[in-house]
Amino acid sequence: MSSKVTYRKMTSDDVESVYAIELATFPTPWTLDSFYYEVHENQYAYYLIAVDEDESIIGFCGMWMVIDAAQITNVAVIDAARGRGIGEALMREAMRIAREHSMDVMSLEVRVTNNVAQNLYRKLAFQDGGIRKGYYTDNGEDALVMWVNL
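Because the structure is predicted, anything quoted here is derived from the model rather than measured. (Residues numbered from 1 in each chain as written. Predicted model: local features only at pLDDT ≥ 70, side-chain atom pairs only at ≥ 80, totals over all residues. Heavy atoms only, no water.)

Chemist: Describe the pairing of strand β7 (residues 143–149), with residues and values.
Modeler: In terms of burial, β7 is a largely internal element, five of the seven residues being buried. Pairing analysis gives seven bridges linking strand β5 (residues 105–111) to β7, with the strands arranged antiparallel. Bridge pairing in β7 links M106 to V148. (Buried < 20%, exposed > 50% of the residue type's maximum accessible area, 1.4 Å probe, protein only. Helix = DSSP H or I, 4+ residues; strand = E, 2+ residues; numbered from the N terminus. Pairing = 2+ DSSP bridges.)

What follows is the structure, encoded as structure tokens:
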């Protein structure tokens, strides 16, 4: 795997690759149709992808921007590319784009047991906002709500 990664907005042509990452990453993945909906129908959605220099999609980050708040919907990086700072770069790019769209705050939910992700979000100045009890449908795990002022 190469070291040069670029970041761009997701298009319809990217959906199947993003969906494959979603399937490999999450115990209760979104459907393929939901990603097509996000690209074509959801006026609030904005999805970024990370592309390796061989043109492989190696990560993505989705968000919804409504009024003045951005909500991260999902972030994932393929196993082989983890540890290279791609998740952090995707989040930083999402924050930059949210600011460009006049968003004041960004929030997300993360599993209470996902310390790696929580540490990344705290590095980006996210703060703990509360607990959503039983948020994850696969195992009933709680979610930690985190937010940051943009």
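Chemist: I'd like a rundown of a nonpolar patch on the surface, residues and numbers included.
Modeler: A cluster of nonpolar side chains, Y44, W64, V66 and I67, forms an exposed patch at the surface whose accessible area comes to about 410 Å². Positionally, W64 belongs in strand β3 (residues 57–66). (Patch = residues over 30% accessible without salt bridge, like charges linked within 9 Å, V, L, I, M, F, W, Y side chains within 5 Å. Areas by Shrake-Rupley, 256 points an atom, 1.4 Å probe, with all protein chains shown as cover. Salt bridge = Lys/Arg side-chain N within 4 Å of Asp/Glu carboxyl O.)

Chemist: Report on the sheet that holds strand β4 (residues 69–77), specifying residues and quantitative values.
Modeler: Reading across from one edge, β1-β2-β3-β4-β5-β7-β6 is the order of the seven strands in this open sheet, with mixed pairing throughout. Looking at the sheet topology across the chains shown, the edges are occupied by β1 (5–9) and β6 (127–132). For this sheet the average axis-to-axis angle between neighbouring strands, irrespective of direction, equals 25 degrees. Sheet topology places β4 next to β5; three bridges connect them, and they run parallel. When the sheet's bridge partners are listed, A69 is paired in β5 with V105. Sheet strands touched by helix α2 (residues 32–40): β2 (45–52), β3 and β4. Its angle to β2, the strand with the most contacts, is close to 110 degrees. Sheet strands in contact with helix α3 (residues 86–100) are β1, β2, β3, β4, β5 and β7, and its direction is about 30 degrees off that of β3. (Axes fitted to C-alpha atoms, helices over the stretch in contact; angles between N-to-C directions. Contact = heavy atoms within 4.5 Å.)

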